[in-house]
Amino acid sequence: QVQLVESGGGLVQPGGSLRLSCAASGFTFSTYIMKWYRQFPGKERELVAGITSAGDTNYLDSVKGRFTISRDNAKNTVYLQMNSLKPEDTAVYYCNAIRFVTYWGQGTQVTVSS
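The notes below deal with the structure included here.

Here is what the cut-offs are and how they apply
- Residues numbered from 1 in each chain as written.
- Predicted model: local features only at pLDDT ≥ 70, side-chain atom pairs only at ≥ 80, totals over all residues.
- Heavy atoms only, no water.
- Helix = DSSP H or I, 4+ residues; strand = E, 2+ residues; numbered from the N terminus.
- Rg over C-alpha atoms; globule rule 2.2 N^0.38 Å.
- Buried < 20%, exposed > 50% of the residue type's maximum accessible area, 1.4 Å probe, protein only.
- Contact = heavy atoms within 4.5 Å.
- Areas by Shrake-Rupley, 256 points an atom, 1.4 Å probe, with all protein chains shown as cover.
- Lys, Arg positive; Asp, Glu negative; His and termini not counted.
- Charge placed at Lys NZ, Arg CZ, Asp CG, Glu CD.
- Phe/Tyr/Trp six-rings, centres within 6.5 Å; stacked < 30°, edge-to-face > 60°.
- Lys NZ or Arg CZ within 6 Å of the ring centre and 35° of its normal.
- Pairing = 2+ DSSP bridges.
- Axes fitted to C-alpha atoms, helices over the stretch in contact; angles between N-to-C directions.

Below, the discussion takes up the overall build of the protein. Assigned secondary structure in the protein consists of zero helices and eleven strands. If you list the helices and strands of the protein from N to C, you get β-β-β-β-β-β-β-β-β-β-β. Taking 13 Å as the expected radius of gyration for a compact globule of 114 residues, we find that the protein reaches 13 Å, a close match to that expectation. In terms of its C-alpha atoms, the protein occupies a principal-axis envelope of roughly 40 × 25 × 25 Å. Counting over 114 residues, the protein shows a buried share of 39%. The long-range share in the protein, meaning contacts at least 24 apart out of those at least 6 apart in sequence, stands at 53%. Here the protein has roughly 5900 Å² of accessible surface; of this, 48% comes from carbon and sulfur atoms. Both charge centroids of the protein, one from 11 positive and one from 8 negative side chains, sit 3 Å from each other.

See below:
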């Protein structure tokens, strides 16, 4: 059974940091492209960051220099380190795995507010 389980979301003040984790199981994690998306209320999901099986990364322009995606294939886990958080980063963040099929996690809420 495929599972993507996100954790690490929460409430943080502007300028603060959070690290999201996504633990994967049920598929060959190391061969999949892993991505983080986010969704604002009433909006479609947007791609925040992605990492290939080779470790190549890409980022949404608005998070470049603040967010870092990484993966640990030994732990079947992908991370999103988020620094210098802004109120406009407030969203539900989703983990995504894609190769020939795509899988989604359940999402984790990130709220940036003073």
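That shown, we press on.
On to the packing of aromatic side chains. Per the counting criterion, the structure on display carries five aromatic pairs. On the numbers, 5.2 Å between centres and 40° between planes, the contact of Phe27 with Tyr103 is tilted. Taken together, the residues span a long stretch of sequence, with Phe27 in the loop between β3 (18–25) and β4 (33–39) and Tyr103 in strand β10 (residues 102–104) at a distance of 76 residues. A residue is classified by how much of its surface remains accessible, and Phe27, at 13% relative accessible area, is buried. Residue class for Tyr103 comes out partly exposed when judged on its relative accessible area of 23%. By the ring-pair criterion, three or more aromatic residues cluster together here, those being Phe27, Tyr32 and Tyr103. One residue, Arg45, lies across the ring of Trp104, its end atom 4.5 Å from the ring centre. Across from the ring centre of Phe29, 4.6 Å away, lies the NZ or CZ of Arg71, which sits over that ring.

Attention shifts here to the sheet that holds strand β7 (residues 67–72). Either a parallel or an antiparallel arrangement is found when strands of a sheet pair, and the pairing is made through backbone hydrogen bonds. Strand order in the open sheet made by the four strands is β1-β3-β8-β7, with antiparallel pairing throughout. Both edges of this open sheet fall to β1 (3–7) and β7, since each of them pairs with a single strand only. Here the strands of the sheet are splayed against their neighbours by 15° on average, with no regard to which way each runs. Judged from the six bridges that link them, β7 and strand β8 (residues 77–82) form a sheet pairing that is antiparallel. Residue Asp72 lies in a different strand from β8, and its bridge partner there is Thr77.

All right, on to the environment of Ala91 then. With respect to the helices and strands, Ala91 occurs in strand β9 (residues 91–98). Distance from Ala91 to Ala24, taken between C-alpha atoms, is 21 Å for residues 67 residues apart in sequence. If we skip the residues at most four places from it in the chain, Ala91 touches Arg38, Gln39, Phe40, Thr108, Gln109 and Val110.

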